[in-house]
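# Chain and residue survey
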Amino acid sequence: MPFQKMTQSKYPRRHWALVGYPRDGKSTFAARMRGPLVAIDADQRFGEVLHLTNGDVYPVSENAADHTDPHLIVKRLDENMPGTRVGTIVIDSLTAIIAPRVTAAIVAKERGETKSLGAAFKDKALAMRELQDGVTRWGTDTLWIYHLQDGRDDKGNARTSATVSALELVRLTRSINMQLQVVKRDDGVRGIKIVWSRKGREGMTLFDESGTWANMP
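Residues numbered from 1 in each chain as written. Predicted model: local features only at pLDDT ≥ 70, side-chain atom pairs only at ≥ 80, totals over all residues. Heavy atoms only, no water.

We now examine the nonpolar core. Membership of the largest hydrophobic core comes to 25 residues, with the highest contact counts inside it found for Ile 89, Ile 91, Leu 94 and Trp 144. Every element with two or more residues in this core is listed here: strand 1 (15-20), strand 2 (37-40), helix 2 (70-80), strand 4 (88-92), helix 3 (94-110), helix 5 (122-136), strand 5 (141-152) and helix 6 (166-172). Those residues in contact with Trp 144, other than ones at most four positions away along the chain, are Trp 16, Ala 17, Leu 18, Ile 91, Leu 94, Leu 131, Gln 132, Val 135, Thr 136, Leu 172 and Ile 176. Counting 21 residues, the second largest nonpolar core, distinct from the first, contains Phe 29, Ala 30, Met 178 and Val 182. (Core = buried A, V, L, I, M, F, W, Y, C linked by side-chain atoms within 4.5 Å. Buried < 20%, exposed > 50% of the residue type's maximum accessible area, 1.4 Å probe, protein only. Helix = DSSP H or I, 4+ residues; strand = E, 2+ residues; numbered from the N terminus. Contact = heavy atoms within 4.5 Å.)

Next up, the structure:
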């Protein structure tokens, strides 16, 4: 079969990362993405927003535990994606996939099971790399969801941080073209702020008057 000429699409693929606090409506936003959807439902919450989707939704596996295992996720995608017309792969959320590996690495270091924290973090780094490569290869839209959390630094000062490390987020940028964050106005209306864009259009915020992100993506 000869090569086919590449043509300019009307809109670029949506390769987005979305961060926000719990109950900010991140899964609801995901439900509004282009369907049909493949849901990597690591938080086991996607069923709550099925009524908002604009097409069929396929869980990456019928086994709930598989949704937090990058190797099994990639295997299931390899088995089932060829020949399908999936619109978006949703990773909901990275927090549930990566955070347990961080905790396991710290516990292993504290117990003396490993001398190097870097070596203990190897599983986390490999998991992130395998997941990125396995998800982005299919040419669909992608939405990577993770969380914000409030805490204290070592001086007791309040701070807000992501549940995925800065290093992993830098690695994720090779697979996305926009970084989005859920924000709220004083009247409680939620919006999407473009924190970073590969096209350099960051800083804009769009507010959701519908309450369910209708037409937002």
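To continue, consider the pattern of salt bridges. Per the stated rule, a full pass over the model turns up 14 salt bridges. The residue Arg 174 makes a salt bridge to Asp 133 at a minimum N-O spacing of 2.9 Å. Separated by 41 residues along the polypeptide, Arg 174 in the loop between helix 6 and strand 7 (178-184) and Asp 133 in helix 5 bring together distant segments of the chain. Accessibility expressed as a relative area gives 38% for Asp 133, which makes it partly exposed. Two residues, Arg 185 and Glu 209, come together in a salt bridge whose shortest N-O distance is 3.3 Å. (Salt bridge = Lys/Arg side-chain N within 4 Å of Asp/Glu carboxyl O.)

Looking at where His 147 falls in the secondary structure, it is placed in strand 5. When residues no more than four places from it in sequence are discounted, the contact partners of His 147 are Val 19, Gly 20, Pro 22, Lys 26, Asp 43, Ser 93, Thr 95, Ser 161, Ala 162 and Thr 163.

With that settled, the discussion passes to the layout of surface pockets. Over the atoms, a rolling probe the size of a water molecule traces out where space has been left empty. Of the volumes computed, that of the largest pocket is approximately 590 Å³. Contributing to the lining of the largest pocket are 22 residues, with Pro 12, Trp 16, Asn 177, Met 178 and Arg 201 lying nearest its centre. Only strand 7 and strand 8 (190-197) provide two or more residues apiece to the lining of the largest pocket. Broken down by element, the residue count for the lining of the largest pocket peaks at three residues, all from strand 8. Partitioning the lining of the largest pocket into residue classes produces 12 nonpolar, four polar and six charged. The volume enclosed by the second largest pocket comes to roughly 240 Å³. Taken together, 14 residues line the second largest pocket, and the ones lying closest to its centre are Arg 23, Gly 25, Lys 26, Ser 27 and Arg 45. For the lining of the second largest pocket, the element with the most residues is helix 1 (residues 26-31), which contributes three residues. By residue class, the composition of the lining of the second largest pocket is two nonpolar, four polar and eight charged. (1 Å grid on protein atoms, 1.4 Å probe; cavity = no way out; pocket = protein on both sides within 12 Å on 5 of 7 lines; lining within 4 Å. Points joined across faces, edges and corners; volume = space filled by probe spheres on them. Nonpolar A, V, L, I, M, F, W, Y, C, P; charged D, E, K, R; others polar.)

The values reported here are purely geometric and, on their own, carry no functional implication.
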